[in-house]
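# Architecture and fold: a report
Now for the letters of each chain:
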Amino acid sequence: MPLSRADGLPRLRGVESNVREAIFPVQTHPSIRDLPAPPPQWRERWPTLARALGISAREPVILGLSGGADSVLLLHWLHAAEETPVTAVHVHHGLRGSEADDDAQYCRELCRALAVPFRLRRVDLGAAHGSLEEAARKARYAALFDEARSARVRVLLTAHHADDALEGVLMRWVRGSELPGLVGPQLDAQRCLPGGGTVRLARPLLALRREEIRRLLESAGLGWREDSSNVDARFTRSRVRNQLLPRLSEVSGAEGLEHLRNFARAVEDLERDLSERTAQLAWAPLRGVSATRRREDSSLGGALPRSRLRTLPRALRRRALWRLLVEATQHAPSRDQLDRIVGELDDAACARHGLRGGWQLRLSPSRVELHPPLEALLAARAGEARQLRLGFAEAQGAARTAPWVASLAAPEHGFVLPAPGSVTLPDGRRVFATLIEADATRAIPREPGVVELDARDLPTNLRVRWPAPGDRFHPLGARGTRALRRFLADAGVPARERRLVPLVFAGDELLWVAGLRPAHPRRVSASTGLRLRLELHSGPQRRSARDEQEPAPRKRSHGAARGAGQAQQLELFEG
């Protein structure tokens with residue numbers, strides 16, 4: 001299940017989420033008909049925690065409210081503070097039948113009694129794969145982050161406590177996690193949102209024990225909901241909580257669990273020290289993706305010089321590679337797979353590895369490259385029935401049925417691009433065409449997504465299509481034509497993304513491999529009178545004021561344009 005990544009926001013394949021607002025009448029839950037007044041000292045609990053986290057007590061927050069003792073206590077503290085705008089969000093996984101419905105009802109009525117805004121998010125885990133616990137966790141965070149994004153709230157609170165952290169460390173330990181994976185939930189972290197912006201994920205109760213939380217609620221005469229899955233031995237966390245931890249306490253005494261907590265903190269300190277030695281390692285953008293992706297997808301995957309990993313001690317190299325892969329894909333590689341990759345780095349071997357979620361890792365003599373699944377680059381359009389006939393050997397001319405293929409559906413002869421005018425491609429990107437009179441003072445564009453060509457004898461309508469078998473191209477500066485497939489490979493376009501490069505044609509003449517290079521025969525020269533300006537944009541948006549102030553000419557003029565020769569244009573595309 002891939003995350004964005006980007007990712008930082010989790011998206012679970014096969015999981016649907018929707019919002020149900022608490023606007024319908026409900027019966028008052030018996031346990032919250034008459035809520036007692038909170039202890040006076042509770043008014044300062046959240047402001048104190050907020051100051052420690054560097055959060056203003058007046059900052060709006062989203063609270064993940066399960067109905068359990070920990071989140072209920074945090075809700076009461078937030079409410080008692082009075083000055084904090086809080087919205088409680090309950091995520092209904094649909095896994096425990098009427099019990100889950102009762103949990104949602106309890107949370108709704110508790111919020112109603114406290115006059116706290118409430119949102120109910122339902123997620124469907126029916127098509128989820130792998131661990132149900134993990135799928136539920138990722139779907140829950142996906143819903144919470146989406147709620148924060150929709151509400152434009154910058155702080156998300158969850159009520160994890162010290163026992164949650166210890167249980168998580170033990171679970172990852174017995175599963176054989178790498179060292180970075182042993183680190184428990186952090187008190188405060190930043191998460192990126194799709195489309196930009198960040199949300200702070202804060203866990204203000206991490207210093208409290210489970211029993212401390214329950215005693216606080218009981219002493220105030222307040223109740224909470226118990227989740228039956230907490231004692232269900234089918235779940236790993238339940239076995240750790242109800243079997244492993246009591247047995248450890250029995251063997252080592254009460255201080256044994258505290259020693260385990262100290263061990264978890266030592267792991268975090270060690271990981272922090274090690275991360276400082278490898279923190280400078282990060283994925284750089286892949287070459288050629290400006291021609292294949294929307295702007296928001298440009299950072300998916302990446303490349304890293306192989307030498308930067310090989311110069312590290314083996315243990316640090318392993319740790320850095322694990323961290324890089326998890327950060328980019330949100331999936332941890334298996335221990336065996338990580339061992340193979342690290343060994344191949346030592347041997348200077350070239351290799352290719354399929355990773356979880358459809359990601360692919362490639363080792364070349366000089367680089368390590370991480371490529372995302374095409375599904376991460378393309379959002380399927382509902383109702384698309386047409387399919388694209390894919391080019392190059394990978395497709396062998398066959399039509400595919402995957403959703404991302406439907407999202408690339410195209411007319412048989414491509415999309416019409418009026419000159420002047422624009423066309424929107426199925427993946428949301430847009431191609432603009434503008435006719436510009438000769439102007440000796442106008443510089444030739446230096447951006448990969450903008451070119452200017454000689455417009456003489458061009459038809460009124462151009463067309464845009466995807467690559468097809470047999471396409472040939474004469475790149476600017478080259479002596480003659482070459483196979484488009486070879487040109488894209490030399491330009492660094494990832495193999496699995498080459499079918500996503502828009503091609504602009506005038507009849508059968510290939511004018512521009514969008515985002516990469518224009519055609520040599522159409523280069524701007526001293527005799528160019530009318531220029532064709534072509535632009536590739538990430539998606540629907542207004543053009544710049546400068547472009548909007550450049551109307552198309554009333555007639556085609558072929559006057560000379562001084563200072564716009566082939567050499568000047570070619571240098572923009574070298575290297």
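What this report covers is the structure whose coordinates are included nearby. Please read these numbers as outputs of a predicted model, since none were measured by experiment.

### Brief notes about the overall build of the protein
When its secondary structure is counted, the protein shows 17 helices and 22 strands. Expressed as a percentage of its 575 residues, the buried residues of the protein come to 51%. In the protein, the proportion of contacts linking residues at least 24 apart, taken out of those at least 6 apart, comes to 72%. For the protein, the computed accessible surface area is about 27,300 Å², with 50% contributed by carbon and sulfur atoms.

### With respect to the sheet that holds strand 19 (residues 503–506)
Backbone hydrogen bonds are what pair the strands of a sheet, in a parallel or an antiparallel way. In spatial order, the strands read 12-16-19-20-21; together these 5 strands make up an open sheet with antiparallel pairing. The two strands at the open ends of the sheet, each matched to only one other strand, are strand 12 (415–418) and strand 21 (517–518). Looking at chain direction, strand 20 (residues 509–513) and strand 21 are connected through 2 bridges and run antiparallel. Its bridge partner lying in strand 21, Val-513 is registered against Arg-517.

### So, the pattern of salt bridges
Applying the stated rule across the entire model yields 21 salt bridges. Between Glu-147 and Arg-121 there is a salt bridge, with its nearest N and O atoms 2.9 Å apart. Here Arg-121 lies in strand 4 (residues 118–124) and Glu-147 lies in helix 4 (residues 132–151), a separation of 26 residues in the sequence. With relative accessibility at 5%, the residue Glu-147 sits in the buried group. Relative accessible area serves as the criterion here: at 4%, Arg-121 is assigned to the buried category.

### Comments concerning empty space enclosed by the protein
Inspection of the entire model under this criterion finds 1 cavity of 30 Å³ or more. Taken as a whole, the largest cavity spans an internal volume of roughly 40 Å³. As for the largest cavity, its lining consists of Thr-329, His-331, Ala-332, Pro-333, Gln-337, Leu-355 and Arg-356. In terms of residue class, the lining of the largest cavity is built from 3 nonpolar, 3 polar and 1 charged.

### Things to note about the nonpolar core
In globular proteins that are soluble, nonpolar side chains generally tend to be buried together. Core analysis: the biggest nonpolar cluster contains 38 residues, and Trp-42, Trp-46, Leu-74, Leu-75, Leu-78 and Leu-157 have the highest contact counts within it. Of all the secondary-structure elements, those providing two or more residues to this core are helix 1 (45–53), strand 2 (61–64), helix 2 (69–81), strand 3 (86–92), helix 3 (97–114), strand 4, strand 5 (155–157) and helix 6 (210–219). Among the elements that make up this core, the one with the highest residue count is helix 2 (9 residues). The contacts of Trp-46, once residues within four sequence positions are left out, are Ala-57, Leu-74, Trp-77, Leu-78, Ala-81, Thr-84, Leu-157 and Pro-204. Counting residues in each nonpolar core, the second largest holds 27 residues, with Leu-316, Trp-322, Ile-341 and Leu-377 among its members.

### So, the packing of aromatic side chains
By the definition in use, this model includes 3 aromatic pairs. A ring pair is formed by Trp-42 and Trp-77, whose centres lie 6.3 Å apart and whose planes are at 80°; its orientation type is edge-to-face. Here Trp-77 lies in helix 2 and Trp-42 lies in the loop between strand 1 (16–21) and helix 1, a separation of 35 residues in the sequence. Measuring from centroid to centroid gives 5.1 Å for Phe-473 and Phe-487, while their planes differ by 70°, and the two rings are edge-to-face. Residue Phe-473 is located in strand 17 (residues 472–473), and its partner Phe-487 is located in helix 15 (residues 484–490); the two are separated by 14 residues in the primary sequence.

### Regarding unusual backbone geometry
Here Ala-419 and Pro-420 are connected by a cis peptide whose omega angle stands at 10°. Along the chain, Pro-420 falls in the loop between strand 12 and strand 13 (421–424). Positive phi outside glycine occurs at Arg-152, with the angle close to 60°. Mapped onto the elements, Arg-152 comes out in the loop between helix 4 and strand 5. A positive phi angle is found at Asp-457, which is not glycine, with a value near 60°. For Asp-457, a relative accessible area of 69% puts it in the exposed group.

Reading the values: rules and limits
- Residues numbered from 1 in each chain as written.
- Predicted model: local features only at pLDDT ≥ 70, side-chain atom pairs only at ≥ 80, totals over all residues.
- Heavy atoms only, no water.
- Helix = DSSP H or I, 4+ residues; strand = E, 2+ residues; numbered from the N terminus.
- Buried < 20%, exposed > 50% of the residue type's maximum accessible area, 1.4 Å probe, protein only.
- Contact = heavy atoms within 4.5 Å.
- Areas by Shrake-Rupley, 256 points an atom, 1.4 Å probe, with all protein chains shown as cover.
- Pairing = 2+ DSSP bridges.
- Salt bridge = Lys/Arg side-chain N within 4 Å of Asp/Glu carboxyl O.
- 1 Å grid on protein atoms, 1.4 Å probe; cavity = no way out; pocket = protein on both sides within 12 Å on 5 of 7 lines; lining within 4 Å.
- Points joined across faces, edges and corners; volume = space filled by probe spheres on them.
- Nonpolar A, V, L, I, M, F, W, Y, C, P; charged D, E, K, R; others polar.
- Core = buried A, V, L, I, M, F, W, Y, C linked by side-chain atoms within 4.5 Å.
- Phe/Tyr/Trp six-rings, centres within 6.5 Å; stacked < 30°, edge-to-face > 60°.

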